[in-house]
Amino acid sequence: MNRVRLIHWNSEESKERAQLLVSLGYEVLYKIPSGPDLLRDLRNDPPDAVVIDLSRLPSQGRDMALAIRHQKTTRNVPLVFGEGEIEKVKRVQEHLPDAIYTSWANIDGALKRAIAYPLKDPIVPESRLDGYSGAPLVKKLVIKANSTVVLINAPKNF
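Reading guide: rules and limits
- Residues numbered from 1 in each chain as written.
- Predicted model: local features only at pLDDT ≥ 70, side-chain atom pairs only at ≥ 80, totals over all residues.
- Heavy atoms only, no water.
- Salt bridge = Lys/Arg side-chain N within 4 Å of Asp/Glu carboxyl O.
- Helix = DSSP H or I, 4+ residues; strand = E, 2+ residues; numbered from the N terminus.
- Buried < 20%, exposed > 50% of the residue type's maximum accessible area, 1.4 Å probe, protein only.
- Pairing = 2+ DSSP bridges.
- Right-handed = clockwise from strand over helix to strand, strands pointing away.
- Phe/Tyr/Trp six-rings, centres within 6.5 Å; stacked < 30°, edge-to-face > 60°.
- Core = buried A, V, L, I, M, F, W, Y, C linked by side-chain atoms within 4.5 Å.
- Contact = heavy atoms within 4.5 Å.
- Axes fitted to C-alpha atoms, helices over the stretch in contact; angles between N-to-C directions.
- Parallel < 35°, antiparallel > 145°, perpendicular 65-115°, else oblique.
- Left-handed = near helix turned anticlockwise from the far one by under 90°.

**Considering the pattern of salt bridges**
Next up, step 1: Taken as a whole and judged by the stated rule, the model has ten salt bridges.
Next up, step 2: Where Glu13 meets Arg56, a salt bridge forms, and the shortest distance between an N and an O atom there is 2.8 Å. Within this pair, whereas Glu13 is found in helix 1 (residues 11-23), its partner Arg56 is found in the loop between strand 3 (49-53) and helix 3 (58-70), the two being separated by 43 residues in sequence.
Next up, step 3: On the basis of relative accessibility, which here comes to 21%, the residue Glu13 falls in the partly exposed class.
Next up, step 4: Since its relative accessible area comes to 36%, Arg56 is described here as partly exposed.
Next up, step 5: Among the salt bridges present, the one from Asp41 reaches Lys31, with a minimum N-O distance of 3.8 Å.

**As for the pairing of strand 3**
Next up, step 1: Here strand 3 lies mainly inside the structure; five of its five residues are buried.
Next up, step 2: Residues of strand 3 alternate between two faces, with Ala49, Val51 and Asp53 on one and Val50 and Ile52 on the opposite face, all of them buried.
Next up, step 3: Of the pairings in the sheet, the one linking strand 3 to strand 4 (residues 79-82) comprises four bridges and is parallel in character. Bridge pairing in strand 4 links Val51 to Val80.
Next up, step 4: In terms of handedness, the path from strand 3 via helix 3 over to strand 4 forms a crossover that is right-handed.

**Quick look at the packing of aromatic side chains**
Next up, step 1: Here the structure, examined in full by the defined rule, presents one aromatic pair.
Next up, step 2: Ring centres of Phe81 and Tyr101 lie 4.9 Å apart, and the angle between their planes is 10 degrees; this geometry places the pair in the stacked category. Taken together, the positions of Phe81 in strand 4 and Tyr101 in strand 5 (residues 100-102) put the pair 20 residues apart, joining distant regions of the chain. Tyr101 matches Phe81 in its accessibility class, with the two residues each being buried.

**Considerations on the nonpolar core**
Next up, step 1: Membership of the largest hydrophobic core comes to 21 residues, with the highest contact counts inside it found for Ile7, Val50, Ile52, Ile68, Leu79, Phe81 and Leu96.
Next up, step 2: The set of elements that each furnish at least two residues to this core consists of helix 2 (37-44), strand 3, helix 3, strand 4 and helix 4 (86-95).
Next up, step 3: A per-element tally of this core places helix 3 first, with five residues.
Next up, step 4: When neighbours within four sequence positions are excluded, Leu79 is seen to be in contact with Val50, Ile52, Ala65, Ile68, Arg69, Leu96, Ala99 and Ile100.
Next up, step 5: Judged by nonpolar contacts, the second largest core, of 15 residues, contains Val4, Val80, Trp104 and Ala110.

**Structural notes on unusual backbone geometry**
Next up, step 1: Despite not being glycine, Leu57 has its phi angle at roughly 50 degrees, a positive value.
Next up, step 2: Relative to the elements of secondary structure, Leu57 occurs in the loop between strand 3 and helix 3.
Next up, step 3: With relative accessibility at 40%, the residue Leu57 sits in the partly exposed group.
Next up, step 4: In this structure, Glu83 is a non-glycine residue whose phi angle is positive, near 60 degrees.
Next up, step 5: Here Glu83 shows up in the loop between strand 4 and helix 4.
Next up, step 6: Judged by its relative accessible area of 34%, Glu83 falls in the partly exposed class.

**A word on the packing of helix 3 against helix 4**
Next up, step 1: Contact geometry for helix 3 and helix 4: axes closest at 10 Å, N-to-C directions at 15 degrees. Of the possible angle classes, the one that applies to helix 3 and helix 4 is roughly parallel. Here the hand of the crossing between helix 3 and helix 4 comes out right-handed. Where helix 3 approaches helix 4, its residues Pro58, Arg62 and Leu66 are matched on the opposing element by Lys88, Val92 and His95.

Interpretation note: all reported values are geometric properties and have no functional meaning in isolation.
Have a look at this one:
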């Protein structure tokens, strides 16, 4: 039985998606990502594939995938992305064109293909933050309108 790590940011939907994957014959590991625990778990015990749902928080899904590809121990784990708005999925594809993109209706075939034919030379991002290259600093730091920003130990005359 192939082990699959499901990455999703909604607990109810992740349970439903996990149940679907179990019904298709996969052993599924899932929990809402929080902190570095998920990457450490993946590094210590890589699954046969990682499924990342892009229907919620697609930029976080992209960042997680870039972090997975950036680590040597998880670089060759197949990445399968499920669902997502077309424009947002296209932006993820710009960074990881060699991953598999599919709908949940077609997830079984996509996972079988990803596991059977893993990439020999996957794209490796220069940085785990490649998704933000070219973005203004305000966006990189997630500073929103009307936010209060404090600079600690600012240079004199700043």
